[in-house]
Amino acid sequence: MLLYIIIFLISVAILYNTLESDQKTQIAAASWFMLALGLFVGLSDMFGGYDRYIYCELFDRMADDTRQGLNPWKSDSFEYYSTEFGYGTWCALLSYITMNRYIFIFISTILVYLLLIKSFKDYSDNVPMTIIIFLGLWFFFTFTYLRQVMGCAICALSYKYLMKRDYARFLIIWFIAYSFHNSALLVLPLIFMPVKKLPRHIVISGMVVCLLIGLTPIPQAMFATYEVVNDARVVGGGYDVATGFRWAYLIEAVFFLWLILKNYDKITEKPKDVTFLNLALMMCAILLIFVKSENGGRLTWFLIVPMACFLSKLLIKERKILRDGWIIIVVCFFLYHRIYNSWQGMMFALYPYKTFLTDGYREWDPIHDEFEYDDQYDVDKFYRPAFWIFE
């Protein structure tokens, strides 16, 4: 755990030490830190559970087809992602570069982090604070849920066009994100989102209505309909199941609503501020609507970037961290620590940390024992060529 605590503390140190710096220096320091995080995640050895194994197994099969001179777009692996053809195309293109699953994961992860750096630079008034919120809400999920994370990172690029009411370019980027993970369908109705600041009482009333909807069977029915329209095998095979009341979703939504409404009068009517305010409120609404859903919270991932960027504006003023800023740093550390601990007990273990640059695997790794499909990787991580040119 110490390694991951150090990562979080470094992010806080960057925030504190760049407060007096100009924005260019802040962005440079934060960007290098994000790139280091991308390397940390991308070099890790099959962390995060089952998902990495199925992504890698399908990629290896596609690469085998490419090696034999077959068309990867006609492979069984591509057919598996028939409704998410953008991701399938990404795999097909990489199969012409590498046959090795570790290089596939590494390149895909670096792409995600480069896209996030771009969004943070475009949207955030204080990138170091945005990164702290990112660590608390989303960092650990970038280890494993590759398709959806890629879709979310791509989708984040579209919000600048939503703000400008440039719907053509918004739809183009949205469609690319949708082709990576069909849950991006959730973002499409945002095209009708008003670029105006709603009265406080309407926001509160709307959130109450969202919570009441979340207590009904309607959200589960929405998931059931979605899985009929989209191949459940691809989307997740029973993507959502009803569970007991998710207190974590409620607490998270209430906390962010409190923070936003507490500072509501300080939010300007500028298109950027209003757009990102409404996107942040949408994230809270989704948490409340899916308050009884097992995986409904994953739909908020498309809105974590605007939430993190929006809050960074509220929490820093005149190069000082406001009291609310320190509160959210503590809350994000709690969320960061909570996710890490819960994963340690769910076969998603992220400790001890190991890269794929050394052979073998971790001694205690039940997910490896259950899902490893190619034992030769244990003997030599690069027995399959890292790059075709070096074969």
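Residues numbered from 1 in each chain as written. Predicted model: local features only at pLDDT ≥ 70, side-chain atom pairs only at ≥ 80, totals over all residues. Heavy atoms only, no water.

Peer 1: Please clarify how the overall build of the protein should be interpreted in this entry.
Peer 2: Counting its regular elements, the protein contains 19 helices and 2 strands. For the protein, the C-alpha radius of gyration of 21 Å lies close to 21 Å, the compact-globule estimate for 391 residues. The principal-axis extent of the C-alpha atoms belonging to the protein is close to 60 × 50 × 40 Å. Counting every position in the protein, which comprises 391 residues, the buried fraction comes to 57%. Taken as two groups, the 34 positive and 35 negative side-chain charges of the protein have centres that lie 13 Å from each other. (Helix = DSSP H or I, 4+ residues; strand = E, 2+ residues; numbered from the N terminus. Rg over C-alpha atoms; globule rule 2.2 N^0.38 Å. Buried < 20%, exposed > 50% of the residue type's maximum accessible area, 1.4 Å probe, protein only. Lys, Arg positive; Asp, Glu negative; His and termini not counted. Charge placed at Lys NZ, Arg CZ, Asp CG, Glu CD.)

Peer 1: Can you walk me through helix H15 (residues 271–289) in this structure?
Peer 2: Side chains three or four residues apart in an α-helix point the same way, a direct result of the helix having 3.6 residues per turn. Helix length check: H15 (19 residues) gives 26 Å between terminal C-alpha atoms against 27 Å at 1.5 Å per residue, within 8%. By the criterion of burial, H15 is predominantly enclosed, with 16 of the 19 residues buried. (Expected span 1.5 Å × (residues − 1).)

Peer 1: Even after reading the chapter, I still don't get the side chain of Asp378, so can you show me in this structure?
Peer 2: Of note, Asp378 is situated in helix H19 (residues 376–379). No salt bridge forms around the buried Asp378; measuring N to O, its nearest opposite-charge neighbour Lys381 is 4.5 Å away. Apart from residues no more than four positions distant in its own chain, Asp378 is found in contact with Asp359, Gly360, Tyr361, His368 and Glu372. (Salt bridge = Lys/Arg side-chain N within 4 Å of Asp/Glu carboxyl O. Contact = heavy atoms within 4.5 Å.)

Peer 1: Which parts of the structure should I look at to understand the nonpolar core?
Peer 2: Nonpolar side chains tend to gather and get buried jointly when the protein is soluble and globular. Core analysis: the largest hydrophobic core is formed by 135 residues, its most contacted members being Phe139, Tyr159 and Leu311. Looking at which element gives the most residues to this core, the answer is H15, with 12 residues. Sequence-distant contacts of Phe139, that is, excluding residues within four places in its chain, are made with Leu37, Phe40, Val41, Tyr113, Phe134 and Tyr336. (Core = buried A, V, L, I, M, F, W, Y, C linked by side-chain atoms within 4.5 Å.)

Peer 1: I tried to follow empty space enclosed by the protein on my own but got confused; where do I start?
Peer 2: In this approach a probe as big as a water molecule rolls over the atoms, and the regions it shows empty are the leftover space. Enumeration according to the criterion identifies 3 cavities of 30 Å³ or more in this entry. Quantified by volume, the largest cavity comes out at close to 70 Å³. Looking at the largest cavity, it is lined by 14 residues, and the ones nearest its centre are Asp45, Tyr53, Tyr361, Asp365 and His368. Considered class by class, the residues forming the lining of the largest cavity number 5 nonpolar, 1 polar and 8 charged. (1 Å grid on protein atoms, 1.4 Å probe; cavity = no way out; pocket = protein on both sides within 12 Å on 5 of 7 lines; lining within 4 Å. Points joined across faces, edges and corners; volume = space filled by probe spheres on them. Nonpolar A, V, L, I, M, F, W, Y, C, P; charged D, E, K, R; others polar.)

Peer 1: What is the right way to look at the confidence of the model for the protein in this model?
Peer 2: Detailed reading of the predicted model is not advised wherever pLDDT is low. In this model, the protein carries a mean pLDDT of 89, and residues with pLDDT of at least 70 account for 93%. Of all helices and strands in the protein, the one with the weakest mean pLDDT is helix H13 (residues 232–235) (40), whereas helix H6 (residues 101–123) scores best (97). The low-confidence segment residues 231–239, where pLDDT is below 50, has 23 contacts with residues more than four positions distant or belonging to other chains. (pLDDT = per-residue confidence, 0-100.)

Peer 1: Got a minute to help me understand the pattern of salt bridges in this structure?
Peer 2: Oppositely charged side chains may form a pair once their charged atoms are brought near each other. Evaluated as defined, the whole model comprises 15 salt bridges. Among the ionic pairs, Asp122 bridges to Lys160, the shortest N-O distance being 2.9 Å. On the criterion of sequence distance, the pair formed by Asp122 in helix H6 and Lys160 in helix H9 (residues 159–163) is long-range, its members being 38 residues apart. The class for Asp122 is partly exposed, based on a relative accessible area of 29%. Here Arg169 ties to Asp166 by a salt bridge, and the two come within 2.7 Å at their closest N and O atoms. The network of salt bridges with common partners includes Asp45, Lys354 and Lys381.

Peer 1: Could you clarify how one ought to interpret unusual backbone geometry in this entry?
Peer 2: Trans is the common state for peptide bonds, and a negative phi is the common state for residues other than glycine. Between Tyr351 and the following residue, Pro352, the backbone shows a cis peptide bond with an omega angle of -5 degrees. With a phi close to 60 degrees, Arg165 is a non-glycine residue in the positive phi region. Summarising the element assignment, Arg165 is placed in the loop between H9 and helix H10 (167–180).

Peer 1: How should the packing of helix H1 (residues 2–17) against helix H7 (residues 127–137) be read in this particular structure?
Peer 2: Each pair of packed helices can be summarised by the angle the axes make with each other and by the distance between the axes. The geometry of H1 relative to H7 is characterised by a closest axis approach of 8 Å and an angle of 160 degrees between their N-to-C directions. Accordingly, the angle class assigned to the pair H1 and H7 is roughly antiparallel. Seen along the crossing, H1 lies across H7 with a hand that is left-handed. Here Phe8, Ser11, Val12, Ile14 and Leu15 of H1 lie close against H7, whose contacting residues are Pro128, Met129, Ile132 and Leu135. The residue inventory of the contact of H1 with H7, partitioned by class, reads 8 nonpolar, 1 polar and no charged. (Axes fitted to C-alpha atoms, helices over the stretch in contact; angles between N-to-C directions. Parallel < 35°, antiparallel > 145°, perpendicular 65-115°, else oblique. Left-handed = near helix turned anticlockwise from the far one by under 90°.)

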